[in-house]
Amino acid sequence: MSLPPDLQFYFMHFMPYIHLPEGHKQYESLWVEFPNRFYDPVKGHQLYQRYISEFVLADKLGYDGLVVNEHHSTTYSMMPACGLIAATLIPQTKRAKVCVFGTPVNLEYPNRLAEEYAMLDVLSAGRLEVAFPLGTGMEYWSNPANLNPTTCRDRFREAIDIIIKAWTEDGPSTYDGEFYSYRYLNVWPKPYQKPHPKVYIVGTGSPETLQLTAERGFGYASVFVPTTQQVRSFYELREKAATYGHTIRPDQIIVNAIVYVAESEEQAMREGKEHIAFFFEDALRTTPRFLAPPGYLTTDQLRKRMTATALHGKFDWDMMASQFRVVLGTPERVAEAIAHWVEEANSSRVVLHLHLGNMPHWKAVKNLTLFAEEVMPRLRKLSPAAAPTDGRRAAQPALQEVR
Amino acid sequence: MATATLKREEFTVNGVKIVQLTAGKGEPLVFFHGAGTFHGFDFALPWAEQYRVVIPFHPGFGESDDDPKITEMHDYVIHYLEWMDQLGLGKVNLVGFSLGGWMAAAFASEHAHRLKRLVLIAPAGLRVPEHPIKDLFRVPGEQIPAMLVHNFEVIRPHLPTGPDVDFLVARYRETSSLARIAWDRPYDLKLPRRLHRIKVPTLIVWGEQDQVIPVEQSDAWAKLIPGAKVKVFQEAGHLVLDEKPEALKEVAAFLV
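The rules we used
- Residues numbered from 1 in each chain as written.
- Chains lettered and ligands numbered in written order.
- Predicted model: local features only at pLDDT ≥ 70, side-chain atom pairs only at ≥ 80, totals over all residues.
- Heavy atoms only, no water.
- Pairing = 2+ DSSP bridges.
- Helix = DSSP H or I, 4+ residues; strand = E, 2+ residues; numbered from the N terminus.
- Axes fitted to C-alpha atoms, helices over the stretch in contact; angles between N-to-C directions.
- Patch = residues over 30% accessible without salt bridge, like charges linked within 9 Å, V, L, I, M, F, W, Y side chains within 5 Å.
- Areas by Shrake-Rupley, 256 points an atom, 1.4 Å probe, with all protein chains shown as cover.
- Salt bridge = Lys/Arg side-chain N within 4 Å of Asp/Glu carboxyl O.
- Core = buried A, V, L, I, M, F, W, Y, C linked by side-chain atoms within 4.5 Å.
- Buried < 20%, exposed > 50% of the residue type's maximum accessible area, 1.4 Å probe, protein only.
- Contact = heavy atoms within 4.5 Å.
- Parallel < 35°, antiparallel > 145°, perpendicular 65-115°, else oblique.
- Left-handed = near helix turned anticlockwise from the far one by under 90°.
- Nonpolar A, V, L, I, M, F, W, Y, C, P; charged D, E, K, R; others polar.
- Expected span 1.5 Å × (residues − 1).
- Polar contact = N/O pair within 3.5 Å; in protein donor to acceptor, adjacent residues only side chain to side chain.

**A closer look at the sheet that holds strand S5 (residues 92-97) of chain B**
Pairing between the strands of a sheet is mediated by backbone hydrogen bonds and can be parallel or antiparallel.
All names here are of chain B.
Thinking step 1. If you walk across this open sheet you meet the eight strands as S1-S2-S4-S3-S5-S6-S7-S8, and the pairing is mixed. For this open sheet the edge positions go to strand S1 (7-13) and strand S8 (229-233), each flanked by a neighbour on one side alone. Strand-to-strand twist of the sheet, defined as the mean angle between neighbouring strand axes without regard to direction, takes the value 20 degrees.
Thinking step 2. In this sheet, S8 lies alongside strand S7 (residues 202-207) in parallel orientation, the contact comprising five bridges. Paired with Leu 203 across the bridge in S8 is Lys 229.

Below, the structure written as structure tokens:
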């Protein structure tokens, strides 16, 4: 068996706030309106220290990427400014790409985001990868109401257009859009990687996001939708991108997997399952209203979602294990599952949720270590070396050696 | 009691399919509905005894198509100018409720010469800091119906009895249309500068128990529109026309 070439493993951490108060179950949503008096900054500090050490460990263990992302007004994530965490990781890590997957584009001025990401790319000598998310519905409730969810998709498109222009064209230039206009678009710094850091769009398979990804030939990650639907999206994306003259490579397709590795399947279930349950029942718990602010979805999409599998606040192990990429087991079993997933998706980028929910440090370390030492080699063996690059300047190992 | 029924008409305004309901003969009485059309318009039938009642669905609401290019209240004002021209409506009596009240006030502040008389029923559109409009975007959908009325029995027949995807999708669509123009705020900060331009007889109607737009806002409107009269009905909530036949009579009498 041969897997897609240059198979790489990214470790993603949501950095959740896990100290939920007694009786938190009475809150329908731990997003948007969950009172922030329940946040204890001392515990928050301890968690930051711990979570960052897990990222640093992942770099040492040979993970190819460290993934952060951004959410607001929630216990789900302590990264309302994920670029700050990325900046923290850069000097503490050497090899792994720093993947900012990322700030919801509409929450920042596009030039500001272009600058921030260019800073990270320069700081890391080209280790940056970015993903542009539209942002969950919840973000639109927690940010200024002059950011209108009814126009968020058009604004999102325009902002991305500005960011790419700011990165790839020499400034000063101008921009005259529906939502933003620039008299002098002239970002300093510009990215280290040319023409720009690798870009993905994060979506849930909605036609609008897929269309945008296809037009621009970006990479794509599909989250919170069942695997079969994701694979269908990847297929559609490849077909559609081709009509715009783009070939979507395996390294542009991200598959996400929830993984716990242990000595036996029973032990993996015993150690891992409860934290995955916490993630879905508690960290993700919110209301349909917050998930879909007015105009965020078309009525067709809303209708589909109303009949789709509920993931926010519910946890059904059998459903999860049969519809999503979840594997808890021995290294052999985990490697086998991942081999299947990357093959069916024709993907060479695996984003691994090796810490999830309220998993304690020792389990995260064990999981990270076992995966790196026992699973990765099994899979790398099956994947040919990197294909020739597409002309982007690769990160410069020599410079990193010096640091 | 009226025996008329509402007749459905369909046509196109500036490329958008518009559906309107009409009944009766005589002088036109145009009604601008609020942001939720689920409670229907049978309440308006008594007006058809005296007037040609015309109830257009706004673009994005009820049976009319969406117009995603509408992003501010003024787009509706222009839409209704075109609509009136197309229907050959000269001067009309304009009655607007809630969101439609804001629409009617905005229209009147620019084009009062197209109106005979104006009635604003619990209108949105003004910022009254001491008596703010309830932010319905903050209220879970299932709690909204009870908030609209004083007597829940008035609205009960218009609500689904169990889970109803079509009903929820229709509400989401209308709420989205509302959000296009009012996600940031349910009022126009510039409106107070313009209301003095309404130089037609104006009646302001409110339900005393309005939980959405407090009845106290009627004073602010009365101060800003020259000569406006206020009529408040007891034991009535936001849907005062649905709840109080007397309110309908009051409107009909005012328009004569």
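**Considerations on a nonpolar patch on the surface**
Thinking step 1. On the surface, Met306(A), Val165(B) and Leu168(B) cluster together into a nonpolar patch covering about 220 Å² of accessible area.
Thinking step 2. Topologically, Val165(B) is positioned in helix H4 (residues 165-182).

**Examining the nonpolar core**
Thinking step 1. If you look at the biggest cluster of nonpolar residues, it comprises 133 residues, and the most contacted ones within it are Trp47(B) and Trp221(B).
Thinking step 2. At eight residues, helix H2 (residues 99-111) of chain B tops the list of elements feeding residues into this core.
Thinking step 3. Aside from chain neighbours lying at most four places away, what touches Trp47(B) is Leu29(B), Phe31(B), Val53(B), Val95(B), Leu241(B), Leu248(B), Val251(B) and Ala252(B).
Thinking step 4. With 97 residues, the next largest nonpolar core counts Leu7(A), Phe55(A), Ile90(A) and Trp341(A) among its residues.

**A short note on the pairing of S5(B)**
Residue and element names in this part refer to chain B.
Thinking step 1. Burial analysis of S5 places six of its six residues in the buried class, which makes it a mostly covered element.
Thinking step 2. Here four bridges tie strand S3 (residues 28-32) to S5, and the two strands are oriented parallel to one another. Across the sheet, residue Val 30 finds its bridge partner in S5, namely Leu 94.
Thinking step 3. In this sheet, strand S6 (residues 115-121) lies alongside S5 in parallel orientation, the contact comprising six bridges. By the bridge assignment, Val 95 is partnered in S6 with Val 119.

**A word on the packing of helix H3 (residues 110-123) of chain A against helix H5 (residues 152-168) of chain A**
All names here are of chain A.
Thinking step 1. Closest axis-to-axis distance for the H3/H5 pair is 9 Å, and the angle between their directions is 50 degrees. Judged by the inter-axis angle, H3 sits oblique to H5. H3 and H5 meet at a crossing whose hand is right-handed. Judged by residue contacts, Pro 110, Leu 113, Ala 114, Tyr 117 and Ala 118 of H3 engage Ala 159, Ile 162, Ile 163, Ala 166 and Trp 167 from H5.
Thinking step 2. Split by residue class, the contact of H3 with H5 holds ten nonpolar, no polar and no charged.

**Here's the deal with helix H1 (residues 41-61) of chain A**
All names here are of chain A.
Thinking step 1. In this model H1 runs 30 Å from its N-terminal to its C-terminal C-alpha over 21 residues, within 8% of the 30 Å that 1.5 Å per residue would give.
Thinking step 2. Among the residues making up H1, those that are buried are Gly 44, Leu 47, Arg 50, Tyr 51, Ile 52, Glu 54, Phe 55, Val 56, Ala 58 and Asp 59.
Thinking step 3. If you follow the buried residues of H1, they end up packed against strand S1 (8-12), strand S2 (65-68), helix H2 (82-89) and helix H13 (361-380).
Thinking step 4. Sitting at the head of H1, Asp 40 places a side-chain oxygen 2.8 Å from the backbone nitrogen of Val 42.
Thinking step 5. Looking one or two residues beyond H1, the residue adopting positive phi is Gly 62, at roughly 100 degrees.

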